[in-house]
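Per-entry structural report
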Amino acid sequence: MAHFSFDSYLKQHKIKLSPKAHAFCKLGLKRMAKSVDPIHNHLHVVCLLNNFAGLLKNERSLLKQDLDYNALLISIIWHDIWKSARFPKGLFKLAWDQIYEGRGSAKIVAREMKKADFPKQTIKKVAYAIRQHSIVHRKRKTIESKILKDVDELARWNVGRIKFAGRQLFGRKILSSKLLKAGKFYVNWFMRPAHTKLYFGWSRREFRQLKKAWLKQAGTLYKKYEKIVGVNSRTSARNFSIP
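Residues numbered from 1 in each chain as written. Predicted model: local features only at pLDDT ≥ 70, side-chain atom pairs only at ≥ 80, totals over all residues. Heavy atoms only, no water.

For the rest of this paragraph, the subject is the packing of aromatic side chains. The tally for this structure, following the rule as stated, stands at six aromatic pairs. Between the aromatic rings of Phe 24 and Trp 78, the centroid separation amounts to 4.4 Å while the plane-to-plane angle is 10°, which identifies the pairing as stacked. One end of the pair, Phe 24, is in helix H2 (residues 19-32); the other, Trp 78, is in helix H4 (residues 69-78), with 54 residues separating them in the sequence. Trp 78 carries the same exposure label as Phe 24, and that label is buried. Aromatic pair Trp 157 and Trp 214: ring centres 5.3 Å apart, planes at 75°, arrangement edge-to-face. Taken together, the positions of Trp 157 in the loop between helix H7 (143-156) and helix H8 (159-171) and Trp 214 in helix H10 (residues 201-229) put the pair 57 residues apart, joining distant regions of the chain. (Phe/Tyr/Trp six-rings, centres within 6.5 Å; stacked < 30°, edge-to-face > 60°. Helix = DSSP H or I, 4+ residues; strand = E, 2+ residues; numbered from the N terminus. Buried < 20%, exposed > 50% of the residue type's maximum accessible area, 1.4 Å probe, protein only.)

Here you go:
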């Protein structure tokens, strides 16, 4: 991925932040760049920011909304801060992370924003949006939480993201049959059943294009690394492409 400049991003999309929010967003990007999880790192955040730019450009309904860019961009950048310090290597830990991620990150960001003396209302908006982005939550009331859910959902289907994760895991020599089985579990239980319960028309159109390509690539990568680590043939992957 080409070098990302947060300041250039803001200028390009005509987004204005308060000095405090601007500094806090940069802090979040810096912390996400140190993530131990190759799927939830600064590159994932950049993907969300690009999705948000696409949403701003193509979703006319947002023109009528009074968007709080301070709360929105902090929510996008900090939403996976809890996961950035973890690397689940088994099925139980992986499933638990999907359940607790929203609450875990919301607690961290609320604490850090209080230290930075943000207004209580801004902290409340951010914490709510981040908490509600988890898969265990179905209803989202605020525009910030709806936008975060959509741009994060689209980022899950970024093909480049899983390619990068595969290279990182293989390069670190921590790719194992156990980890591959956890990946298969995640795909079959969390990715394959995903449907188009997104909030904006542009998001739904993007989703339909991304899902098929992602599942096909996941199947290809599974088979590739299956041969390398020697997963038992009885646990071989199903075809990940959509029937």
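Attention now moves to the pattern of salt bridges. Evaluated as defined, the whole model comprises eight salt bridges. For the salt bridge of Lys 149 with Glu 153, the shortest nitrogen-to-oxygen distance reads 3.9 Å. With Lys 149 and Glu 153 both in helix H7 and four residues apart, this pair spans about one turn of that helix. Like Lys 149, the residue Glu 153 is buried in the burial classification. With a shortest N-O distance of 2.8 Å, Arg 156 and Glu 153 are connected by a salt bridge. Residue Arg 156 and its partner Glu 153 are both found in helix H7; the two are separated by three residues, about one turn of the helix. The exposure class assigned to Arg 156 is buried, which follows from its relative accessible area of 13%. (Salt bridge = Lys/Arg side-chain N within 4 Å of Asp/Glu carboxyl O.)

Turning next to the packing of helix H6 (residues 120-132) against H7. Packing of H6 against H7 brings their axes to within 8 Å, and their N-to-C directions diverge by 40°. Crossing geometry of H6 relative to H7 is assigned as right-handed. From H6, Lys 125, Tyr 128, Ala 129, Ile 130 and Gln 132 reach across to H7, where they touch Glu 144, Ser 145 and Leu 148. Class assignment for the residues of the contact of H6 with H7 results in four nonpolar, two polar and two charged. (Axes fitted to C-alpha atoms, helices over the stretch in contact; angles between N-to-C directions. Left-handed = near helix turned anticlockwise from the far one by under 90°. Contact = heavy atoms within 4.5 Å. Nonpolar A, V, L, I, M, F, W, Y, C, P; charged D, E, K, R; others polar.)

Before going further, it helps to spend a moment on unusual backbone geometry. Of note in this structure, Lys 14 is not a glycine but carries a positive phi near 55°. Looking at where Lys 14 falls in the secondary structure, it is placed in the loop between helix H1 (6-12) and H2. On the basis of relative accessibility, which here comes to 74%, the residue Lys 14 falls in the exposed class. Not every positive phi belongs to a glycine, and Asp 117 is a case in point at roughly 65°. Mapped onto the elements of the fold, Asp 117 is located in the loop between helix H5 (91-115) and H6.

Turning our eyes to something else, we now look at H2. If you check H2, its first and last C-alpha atoms are 20 Å apart, about what 14 residues at 1.5 Å a residue would give, namely 20 Å. Buried residues of H2: Ala 21, Phe 24, Cys 25, Gly 28, Leu 29 and Met 32, and no others. Considered in projection along H2, the buried side chains sweep an arc of 140° and stay on one side of the axis. Of the exposed residues in H2, those oriented more than 90 degrees away from the buried face are Pro 19 and Lys 30. (Expected span 1.5 Å × (residues − 1). Arc of directions from axis to C-beta.)

Moving on, we come to the confidence of the model for the chain. Model confidence for the chain is summarised by a mean pLDDT of 82, while 77% of its residues fall at 70 or above. Predicted confidence is poor over residues 232-243, with pLDDT under 50, and the contacts of this stretch with residues over four places away or in other chains come to 29 contacts. (pLDDT = per-residue confidence, 0-100.)

Checked against the element boundaries, Ile 77 lands in helix H4. For Ile 77, a relative accessible area of 0% puts it in the buried group. Sequence separation of Ile 77 and Lys 26 is 51 residues, and the distance between their C-alpha atoms is 8.7 Å. Setting aside anything within four residues of it in sequence, one finds Ile 77 in contact with Phe 6, Cys 25, Gly 28, Leu 29, Met 32 and Val 45.

Moving on, we get to the nonpolar core. Counting 56 residues, the largest nonpolar core has Phe 52, Leu 73, Ile 74 and Ile 147 as its most contacted members. Among the elements that take part in this core, helix H3 (residues 42-58) stands out by supplying eight residues, more than any other. Beyond its immediate chain neighbours, meaning those up to four positions away, Phe 52 contacts Tyr 9, Ile 15, Tyr 69, Leu 72, Leu 73, Ile 76, Ile 147 and Val 151. (Core = buried A, V, L, I, M, F, W, Y, C linked by side-chain atoms within 4.5 Å.)

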